[in-house]
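Here's the letter readout for the chains.
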Amino acid sequence: MSTDGLIVVDKPGGMTSHDVVARIRRLARTRRVGHGGTLDPMATGVLVIGVGRATRLLTYVIGAGKSYTATVRLGQATVTDDAEGDVIASTPAGTVTDEAVRAAFAALTGEIDQVPSAVSAIKIDGQRAYKRVRDGESVELPARRVTVSRLDVLAVRRDQPDVVDVDVDVTCSSGTYIRALARDAGLALGVGGHLTALRRTAVGGFSLAEAATLDDLEARAPEVVNLPLAAAADRFFPRREADAAEAVTLSHGGPLEPVGIAGPYAVFDPAGGLLAIVSERDGRARAEIVLAPA
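Fair warning: this is a prediction, and the values are worked out from it, not measured in the lab.

### Observations regarding the overall build of the protein
Looking only at helices and strands, the protein features 8 helices and 18 strands. With respect to the principal axes defined by its C-alpha atoms, the protein has extents near 70 × 45 × 40 Å. Counting over 294 residues, the protein shows a buried share of 48%. Here the contacts in the protein between residues at least 6 apart in sequence split such that 68% fall between residues at least 24 apart. Element-wise, carbon and sulfur atoms account for 51% of the exposed surface of the protein, whose accessible area totals about 13300 Å². Put simply, the protein has 33 plus and 37 minus side-chain charges, and the middle of one group is 5 Å from the middle of the other.

Rendered as structure tokens:
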């Protein structure tokens, strides 16, 4: 069986994130596998997978910032805000200038209130929004505050009449929908827009440079983990060393004295093993999750 840890996968198109988890369960020979942030079937790129005790780190991975490259088609709106949905409106975009395109995307940077795509995994009264839409319901989701820290227009292409394809590079907070950026740029320009390609290039500090394809993982199964638990935590969190007495206290869920590290942070025992993820509050350093072996 694989050791506890994270796998940075380069997800192929046409698979759901759950499909990838199912494949990793088979390769790693364990049911205890999860993912750190959904990618739509159309999308490719970085999907962080947790195996064993490392599944408990995924809540932090899900909340990390993310980067993408994407292509937005202006001149067509779809029901899903991406290429998987039916076109619901077409408006010739050939007269939209490059300057107007760049200004529309520039307006979507910084802290913005974004209405998620109706075809999203957000739950409404216990049911996913996308299921309600596919069942014929009209769904309106409330806006939420997200941060688009970088949105670079890489190219404006006019390869087909009446549509404009815009290649962008985006870095944003967790919870940002790139499909919604495509939709909103199209709305601002009055021609509609949707996403035709999406590739996630980074999640937190994990990037495509270290991502393995499913074929790579198949070839080395069941040793599929490329970041063992302690190494994964060391990459993702600030580090604190505990002495032997502190290690005993923390492994049993007890608090430590604070040291002034902005949390959450990872605490390691004298042998380099990961003990817990800790945050400091009310004058104590308390474990958010204990990861020391039972």
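### Notes on unusual backbone geometry
Going from Ala221 to Pro222, the amide bond is cis rather than trans, its omega being 5°. By the element assignment, Pro222 lies in the loop between α6 (214–220) and β14 (227–228). In this structure, Arg29 is a non-glycine residue whose phi angle is positive, near 60°. Within the secondary structure, Arg29 sits in the loop between α1 (17–28) and β2 (33–35). Take Arg29: its relative accessible area is 57%, and that puts it in the exposed class. One non-glycine residue, Asp81, adopts positive backbone phi at about 70°.

### Section: the UniProt feature "domain: tRNA pseudouridine synthase II TruB subfamily 2 C-terminal" (unreviewed entry) in the protein
UniProt marks residues 237–291 with the feature "domain: tRNA pseudouridine synthase II TruB subfamily 2 C-terminal" (unreviewed entry), using the numbering shown here. Structurally, residues 237–291 is divided into 15% helix and 40% strand, and its ends, taken at the C-alpha atoms, are 14 Å apart.

### Concerning helix α8 (residues 244–251)
The opening residue of α8, the one whose side-chain oxygen lies 3.2 Å from the backbone nitrogen of Ala245, is Asp243. Where α8 ends, the next residue or the one after it, Gly253, has phi of about 90°, a positive value.

### Points about the domain arrangement of the protein
Accessible area lost when the parts come together is the quantity often used to give the size of an interface. Each assigned domain of the protein is listed with its residue range as follows: domain 1 (5–64 + 204–230), domain 2 (66–200) and domain 3 (237–290). Listed as interface residues are 5 residues of domain 1 and, on the opposing side, 9 residues of domain 3. Contact between domain 1 and domain 3 buries roughly 630 Å² in total, counting both sides, with carbon and sulfur atoms accounting for 67%. Interface area lost by domain 1 to domain 3 is led by Arg56, Tyr60 and Ala230, which between them contribute 75%. Linking domain 1 with domain 3 are 0 salt bridges. Here domain 1 is connected to domain 3 by 2 residue pairs in polar contact (both at pLDDT 80 or more).

### What to know about the nonpolar core
Within the largest apolar cluster, 49 residues are counted, with the highest numbers of intra-cluster contacts made by Ile7, Ile24, Ile49, Leu74, Phe105, Ile178 and Leu217. In this structure, this core is formed jointly by two domains, domain 1 (5–64 + 204–230) and domain 2 (66–200), each of which donates at least three residues. Not counting the four nearest positions on each side in its chain, Ile7 is found in contact with Ile24, Leu47, Val48, Ile49, Val51, Leu217, Val224, Val225 and Asn226. Of all hydrophobic cores here, the second largest spans 24 residues; its members include Val48, Leu227, Ala232 and Ile277.

### Remarks on the UniProt feature "domain: tRNA pseudouridylate synthase B C-terminal" (unreviewed entry) in the protein
With numbering matched to this structure, UniProt assigns "domain: tRNA pseudouridylate synthase B C-terminal" (unreviewed entry) to residues 179–219. Its end C-alpha atoms 34 Å apart, residues 179–219 is made of 41% helix and 32% strand.

### A look at the side chain of Arg200
If you trace the backbone, Arg200 turns up in strand β12 (residues 193–203). Within the buried set, Arg200 has no salt-bridge partner at all; the shortest N-O distance to an opposite charge, 8.9 Å, is to Asp40. Separated by 2.9 Å, the side chain of Arg200 and the backbone oxygen of Gly37 make a polar contact. The contacts of Arg200, once residues within four sequence positions are left out, are Gly37, Thr38, Leu39, Thr44, Gly45, Val46, Leu47, Lys66, Ser67, Tyr68 and Leu208.

So, how was this worked out
- Position numbers for residues count from 1 along each chain, tracking the sequence in the order it is written.
- Reporting in this predicted model follows two pLDDT cut-offs: at least 70 for local features of residues, and 80 or more for side-chain atom pairs to be given and counted; totals over whole chains, interfaces and linings ignore these cut-offs and use all residues.
- The side-chain quantities take in all heavy atoms of the structure and omit both hydrogens and water.
- For the purposes of this entry, the term helix denotes a DSSP run of H or I that reaches at least four residues, the term strand denotes a run of E that reaches at least two, and both are numbered from the N terminus.
- Burial classification: accessible surface area is computed with a 1.4 Å probe over protein chains only, and a residue below 20% of its type maximum counts as buried, one above 50% as exposed, and the rest as partly exposed.
- Here a residue-residue contact requires only that any non-hydrogen atoms of the pair lie within 4.5 Å.
- Only the protein chains shown count as covering a residue, and every accessible area follows the Shrake-Rupley method with a 1.4 Å probe.
- Neither His nor the chain ends is counted toward charge; the positive residues are Lys and Arg and the negative residues Asp and Glu.
- Every charge is mapped to an atom, namely NZ of Lys, CZ of Arg, CG of Asp or CD of Glu.
- UniProt positions are given in the numbering used here, feature names are shortened, and annotations may be inferred rather than shown by experiment.
- Polar contact criterion, stated in full: a pair of N or O atoms within 3.5 Å, where within protein one must be able to donate a hydrogen and the other to accept it, and residues adjacent in sequence count only if both atoms are side-chain atoms.
- Domain start and stop points were drawn from an automatic or database domain assignment.
- Here the buried area means the combined drop in accessible surface, using a 1.4 Å probe, for two parts upon being joined, counting both sides.
- Every case where a carboxyl oxygen of Asp or Glu lies within 4 Å of a side-chain nitrogen of Lys or Arg is listed as a salt bridge.
- The nonpolar core is taken to be a set of buried Ala, Val, Leu, Ile, Met, Phe, Trp, Tyr and Cys residues, with the residues joined through side-chain atoms within 4.5 Å.

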